[in-house]
Each structure stands twice: as C-alpha cells, then as structure tokens.
Amino acid sequence: MKNRILLLEDDIDLNETISEYLEDNGFEVVSVYDGEEALEKIYESSYDILLLDVKVPKIDGFNLLKEIRKAGNETPAIYITSLDSIDDLSIGYESGCDDYIRKPFELKELLIRIQSIIKRNFTLSHSSKVTIDKDKNIYFDLDANTLYKGEKSFILNQKETRLLKYFLKHKNKVLSHEKIFNAIWDYDESPSESSLRTYIKNLRKIIGKDKIVSIKKVGYKFTSD
C-alpha cells in the first residue's frame, strides 16, 4: 500500500510538478489549493504526511496546522514556503510542524525529507524494519508493507495494513474506537465494529494476543517491549 500525502500548494504549476514527482516515486498524492479544502480532506481521510504551503487562500498553513493539532491530529507535516526569516521558522515549529523547507528547493531534497520523516515516525532506527517482538522474530517491513514472523511472510489487506501502521505510530497508547475508525476508514466508507474485530483477530493470530490489548468500552492498546 502506498504512503498517502496531502499536498497544499496554491501555485498550480508547482503543485502539479511536486505531485507528479512524488507519484513517480511511489506515493499517492491528494492535491488541494486552499486551506479550507485541505482541512476538509484532512477530516475526510487519513494521510501519512502533510505538505503545507503557508501563504495560501482562506486558511494559511500555520493556522491550518494549529487547528488540526488542537483537534488531536498528529500526522507529520512539512511546510513548503518562501518565508525565510528566523521568526517564520519559529512560528512554523511552534504550530506543530516536523520539518520546514524553503522555496525554491530541489525535488530530491523534498523526497529525502519525506522519506526520513515517514520512517522516523515508526522507528528511531534507520532500518525500514520495525521490530514487533524480538524473541519471536516478528517485524514489519515499512517499505514492502509486509509482516514477517520468522521465515514466514504475511500479506495483509489494506485495512489491516493501515491498522498495524496506526498501532505502530501510537505504541503503548490507548486508542479509542473512534480514532481507529478515522485512521483506517475513508470518509466515504462506513466504519464497522465487526470488521475492526476481524482485523484485530487476524493480526493477533500472527503477532500474539498480548500485543493488542482490548480496553473495555474504550478501544485498544498496542503494547511494545
């Protein structure tokens, strides 16, 4: 499954250039051109990373990120902007961004920053493999989106992959049913409690029941060593 990127850039030509480059490098890109449209897309679906221009119509990038951070959205974000003062840089990081790249920039540099943040968001190591249980040799390959247990590999469906990635992003945190629904179901889909239980059951068969703890009437917690 491809990593999903939301790109907010009101310059049509630059938006198209960035989108095509990232798609050529294996990403799924959703392009928007103003802050209100970006906000709608963020509430409608989940993304692996946000690329936000700052000086855009309706809601600027700084205030957009502040708003979604207040709402509890922790999706990694990179500002792409022509603003270059230290004060602007400070405002950017205070609003909750993970990185900041000044225009003009090389597309390759943007790609490197995106790849770095996505991998860092799962693990502090530089490996693409996230260890789930060292003793049982269970790990998840971020690049291949494949779950391994010893010598066996397991192909997960799209929702199971999204769910596992979401758990890995929020190790040892209690996640409500609502948060999980928002993370793995798109806006035009109807979340299903029974489907979620099935995805949990399938993951537990591979990684063990003890790794995904049910919190009665609340949600689930992914435990990590």
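> Which residues make up the sheet that holds strand E12 (residues 219-222), and what values do they have?
Spatially, three strands are ordered E10-E12-E11 in an open sheet, and the strand pairing comes out antiparallel. Edge positions in the sheet fall to strand E10 (174-176) and strand E11 (212-215), since each of these pairs with one other strand and no more. Across the sheet, the axes of successive neighbouring strands diverge by a mean angle of 30°, strand direction being ignored. Inspection of the sheet shows E11 paired to E12 by four bridges, in the antiparallel sense. Bridged to Ile215 within E12 is Gly219. Along the sheet, helix H6 (residues 158-169) makes contact with E10, E11 and E12, crossing E12 at roughly 65°. Where helix H8 (residues 193-207) meets the sheet, its contacts fall on E11 and E12, and the angle it forms with E11 comes to roughly 145°.

> Describe the nonpolar core, naming the residues involved and giving the relevant values.
Among the nonpolar cores identified, the biggest contains 27 residues, and Ile132, Leu147, Leu163, Leu164, Phe167, Ile180 and Leu196 are the most heavily contacted of them. The greatest single-element share of this core, amounting to six residues, is contributed by H8. Beyond its immediate chain neighbours, meaning those up to four positions away, Phe167 contacts Leu175, Ile180, Ile200, Ile212, Tyr220 and Phe222.

> Lay out the pairing of E12 with the relevant residues and their values.
Bridge analysis of E10 against E12 gives three bridges, and the strand direction is antiparallel. Residue pairing for E12: Leu175 is matched across the bridge by Tyr220. What sits between E11 and E12 in their antiparallel hairpin is a turn of three residues, with Lys217 showing a positive phi close to 65°.

> Break down the pairing of strand E5 (residues 99-102) for me, citing the residues and quoting the values.
Pairing of strand E4 (residues 77-81) with E5, which is carried by four bridges, proceeds in the parallel orientation. Paired with Ile78 across the bridge in E5 is Asp99. Handedness of the crossover joining E4 and E5 through helix H4 (residues 86-94) is recorded here as right-handed.

> Give a description of the packing of aromatic side chains that names residues and reports values.
On inspection of all chains with the given rule, the structure shows six aromatic pairs. Residues Phe181 and Trp185 carry aromatic rings whose centres are separated by 5.5 Å and whose planes lie at 75° to one another, so their mutual orientation is edge-to-face. Residue classification places Trp185 among the buried residues on the basis of a relative accessible area of 7%. Where Trp185 meets Tyr199, the ring centres are 6.0 Å apart and the plane angle is 35°; that geometry is what we call tilted. With a gap of 14 residues between them, Trp185 in the loop between helix H7 (177-184) and H8 and Tyr199 in helix H8 connect regions that are remote in the sequence. Residue Trp185 shares its accessibility class with Tyr199, and that shared class is buried. Through pairs of rings, three or more aromatic residues link up here, namely Phe62, Tyr79 and Tyr100.

> Describe the sheet that holds strand E1 (residues 4-8), and please don't skip the residues or the numbers.
On the basis of which strands lie adjacent, the open sheet formed by five strands has the order E2-E1-E3-E4-E5 and parallel pairing. At either end of the open sheet lies a strand with only one pairing partner, and these are strand E2 (28-32) and E5. Each strand of the sheet is rotated relative to its neighbour by a mean of 20°, with strand direction disregarded. As paired strands, E1 and E2 are joined by five bridges and run parallel to one another. By the bridge assignment for E2, Leu7 is matched with Ser31. The strands touched by helix H1 (residues 12-24) are E1, E2, strand E3 (49-52) and E4; relative to E2, the strand with the most contacts, the crossing angle is about 170°. Strand contacts of helix H3 (residues 61-70): E1, E3 and E4, with the helix running at about 170° to E4, the strand carrying the most contacts.

Cut-offs used in this document
For every chain, the first residue of its written sequence is number 1, and the numbers climb from 1 along that sequence. Only residues with pLDDT of at least 70 get local features here, since the model is predicted, and only at 80 or more are side-chain atom pairs given and counted; chain-wide, interface and lining totals rely on the full set of residues. Side-chain measures here rest on the full set of heavy atoms in the structure, leaving out hydrogens and waters. Should DSSP find at least two bridges between two strands, the strands are regarded as paired. In this text, helices come from DSSP runs of H or I with a minimum length of four residues, and strands from runs of E with a minimum of two, each type numbered from the N-terminal end. Under this scheme, a helix contributes an axis fitted over its contacting stretch, all axes are lines through C-alpha atoms, and angles between N-to-C directions fall in the 0 to 180 degree range. By definition, residues are in contact when any of their heavy atoms lie within 4.5 Å. Residues enter a nonpolar core if they are buried and are Ala, Val, Leu, Ile, Met, Phe, Trp, Tyr or Cys, with the set joined through side-chain atoms within 4.5 Å. Burial status follows relative accessibility: with a 1.4 Å probe on protein chains alone, a residue under 20% of its type maximum counts as buried, one over 50% as exposed, and anything between as partly exposed. Looking down the strands as they point away from the viewer, one classifies a crossover as right-handed if the path from the first strand across the helix to the second runs clockwise. The rule is short: rings of Phe, Tyr and Trp, with Trp giving its six-membered ring, pair when the centres are within 6.5 Å, and they are stacked under 30 degrees, edge-to-face over 60, tilted in between.

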